[in-house]
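Residues per chain, in single letters:
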Amino acid sequence: MSQATDVISKAVEDKADSLQELSGKIWSHPELFFEEKFAHDTLTEFLEKNGFEVERKYKVDTAFKAVFRQGSGGANIGLICEYDALPDIGHACGHNLIAESGAAAAIGLKAALEASPATSGTVTLLGTPAEESGGGKILLINAGAFVDIDVCLMVHPAAMNMMATGCLSCMAGNVVFTGKAAHASAAPWDGINALDAVINAYTALSTLRQQIHTNWRINVIITEGGVKPNIIPEKAALAFSLRAPTDKELAVLKGKLADIVKAAALATGCEVDLQFAVDDRIAYYSNMIPNKQLVERYRQHWLSFGPADSTITPDHFWASTDMGNVSLEVPSIQPTFNIGTAADVHTRDFTETTNQPKAHAATRCVSKAMAAVGWDVLTDSALLKEIKESFQQQLASLNE
């Protein structure tokens, strides 16, 4: 294994400058979900130059598939690039580094295969748009992009190192109440106040927070509340997101929200339209189930490559991602890694750090670890069998 890790490390370090440049270009050109044309073109051009067979606009306009295959048969190692940004604050979730890590790991694993011509296997790097909103990976799942992949590896920048991050199931949507307009002073009795329905729903949801599990989340904003104070609002709306540790628990929370919304409509005489989606796009992210064997291999290799910060934070539920949906399709991991900041993701301070040399150095370390895990799977059929058996057990436990 030491020979393979040496090859992986050298391949990644030899490309350090070009990988940092690649990430910097994406960082300097932030794009929102399903608009990542620059990132798509920049990454696909880079991967083609580095010997990968690339399929642009793979099933989704801003997705791609880059493949290196050696021999016949063998495992297919899936790696992930993300590259969408956030409104106003750019790459505050570090997706430029996730793009860099996917490309770096693919280069490292490709080099290990080339140094061992007798080893058969496939490296598949998927470019997955719209993680922040829209569920690009879910679209790819539905289109069959993960069917022939044996394991899937991804890392996420953060302010701490966590090995088996347990992301929450998440569901978002909108509620629109429709009432009847009337003059608020001359004939309020002729109106049906849609804003009252929204306020009733908002208050009831806020009250519900006292009675739910501590790791469940209800987040609500009022998006529309009328046009003038002297007109009874005939339309009002709110947007929400719900989170829970599992899809099963999220379904319970969804039912509670639906009951509250219906009650608010009934209490005010309004009509209600409840939609569990945002802008007609996919908005249901499943919980992450990290594969135990892959997590342990990753931890060992990551430590062997000597990260600048080797402190491991206890795993806990952390945000939501469509990588959770992938983890229900194929054995997967998504560890977080410290990029040298105390700032939380989705902040301007985090954005600044994601294009600093220390962040790129940390990214190369985790990229090498991912490539080494991929090499373990390619060269140890017993390990792959154990991974897949554990995966089936994890899936079964979700239904108990």
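Before reading further, recall that the structure is shown in the block above.
The rules behind the values
- Residues numbered from 1 in each chain as written.
- Predicted model: local features only at pLDDT ≥ 70, side-chain atom pairs only at ≥ 80, totals over all residues.
- Heavy atoms only, no water.
- Helix = DSSP H or I, 4+ residues; strand = E, 2+ residues; numbered from the N terminus.
- Buried < 20%, exposed > 50% of the residue type's maximum accessible area, 1.4 Å probe, protein only.
- Contact = heavy atoms within 4.5 Å.
- Areas by Shrake-Rupley, 256 points an atom, 1.4 Å probe, with all protein chains shown as cover.
- Lys, Arg positive; Asp, Glu negative; His and termini not counted.
- Charge placed at Lys NZ, Arg CZ, Asp CG, Glu CD.
- Axes fitted to C-alpha atoms, helices over the stretch in contact; angles between N-to-C directions.
- Parallel < 35°, antiparallel > 145°, perpendicular 65-115°, else oblique.
- Left-handed = near helix turned anticlockwise from the far one by under 90°.
- Nonpolar A, V, L, I, M, F, W, Y, C, P; charged D, E, K, R; others polar.
- Core = buried A, V, L, I, M, F, W, Y, C linked by side-chain atoms within 4.5 Å.
- Expected span 1.5 Å × (residues − 1).
- Phe/Tyr/Trp six-rings, centres within 6.5 Å; stacked < 30°, edge-to-face > 60°.
- Lys NZ or Arg CZ within 6 Å of the ring centre and 35° of its normal.
- Pairing = 2+ DSSP bridges.

**Q** So what's going on with the overall build of the protein chain? Residues and values would help.
**A** Each helix and strand counted, the protein chain has 12 helices and 13 strands in total. Taking the principal axes of the C-alpha coordinates as reference, the protein chain spans close to 85 × 45 × 40 Å. Split into buried and exposed, the 400 residues of the protein chain put 55% on the buried side. The long-range share in the protein chain, meaning contacts at least 24 apart out of those at least 6 apart in sequence, stands at 79%. Surface accessibility of the protein chain: about 16700 Å² in total, with carbon and sulfur atoms responsible for 50%. Of note, the protein chain has its 32 positive side-chain charges centred 1 Å away from the centre of its 47 negative side-chain charges.

**Q** If you had to explain the packing of helix α2 (residues 16–28) against helix α3 (residues 37–49) to someone new, which residues and values would you point to?
**A** Where α2 meets α3, the axes come as close as 9 Å, and the angle between the chain directions of the two elements is 165 degrees. The orientation of α2 with respect to α3, classified from their angle, is roughly antiparallel. In this structure, α2 meets α3 at a crossing whose hand is right-handed. Two secondary-structure elements touch here, α2 through Ser18, Leu19, Leu22, Lys25 and Ile26 and α3 through Phe38, Ala39, Thr42, Leu43 and Phe46. For the contact of α2 with α3, the residue count by class is seven nonpolar, two polar and one charged.

**Q** Would you mind going over the nonpolar core in detail, with residue names and values included?
**A** Counting 63 residues, the largest nonpolar core has Leu47, Phe52, Tyr298 and Val377 as its most contacted members. No other element matches helix α11 (residues 357–379), which puts 12 residues into this core. With residues near it in sequence (within four places) discarded, Tyr298 still touches Val155, Met163, Ile333, Pro335, Val366, Ala369, Met370 and Val373. Within the second largest apolar cluster, 26 residues are counted, among which are Val198, Leu238, Ala244 and Leu257.

**Q** Before we move on, can you summarise helix α4 (residues 95–114) with the specific residues and values?
**A** If you check α4, its first and last C-alpha atoms are 29 Å apart, about what 20 residues at 1.5 Å a residue would give, namely 28 Å. Within α4, 19 of the 20 residues are buried, which leaves the element mostly enclosed by the surrounding structure.

**Q** Provide a residue-level description of the side chain of Asn325, including the pertinent values.
**A** Here Asn325 shows up in helix α9 (residues 323–327). Every residue in contact with Asn325, bar those within four places of it in the chain, is listed here: Ile138, Ile141, Tyr284, Tyr285 and Ser286.

**Q** Let's hear about the packing of aromatic side chains: which residues, and what values?
**A** Two measures describe an aromatic ring pair: the distance that separates the ring centres and the angle between the ring planes. This model, assessed by the stated rule, comprises three aromatic pairs. Plain terms: the ring middles of Phe33 and Phe34 are 6.0 Å apart, the flat faces sit at 70 degrees to each other, and that makes the pair edge-to-face. Taking NZ or CZ as reference, Lys110 lies 5.2 Å from the ring centre of Phe68, over its face.

**Q** Summarise the environment of Gly255; cite the residues concerned and give the values.
**A** Within the secondary structure layout, Gly255 lies in helix α7 (residues 247–268). The spatial distance from the C-alpha of Gly255 to the C-alpha of Ser206 is 15 Å, given a sequence separation of 49 residues.

**Q** Tell me about the pairing of strand β7 (residues 169–178), and please be specific about residues and values.
**A** Burial of β7 is extensive: seven of the 10 residues sit out of reach of the surface. Sheet topology note: the β7/strand β9 (residues 235–244) ladder contains 10 bridges and is antiparallel. Considered in β9, the bridge of Val175 is made with Leu238. Pairing geometry for β7 and strand β11 (residues 284–285), over two bridges, is antiparallel. In the strand pairing of β11, Cys170 is matched with Tyr285. Bridge count for β7 against strand β10 (residues 271–275) is five bridges, and the pairing is antiparallel. Each bridged residue has a counterpart across the sheet, and for Val175 the counterpart in β10 is Leu274.

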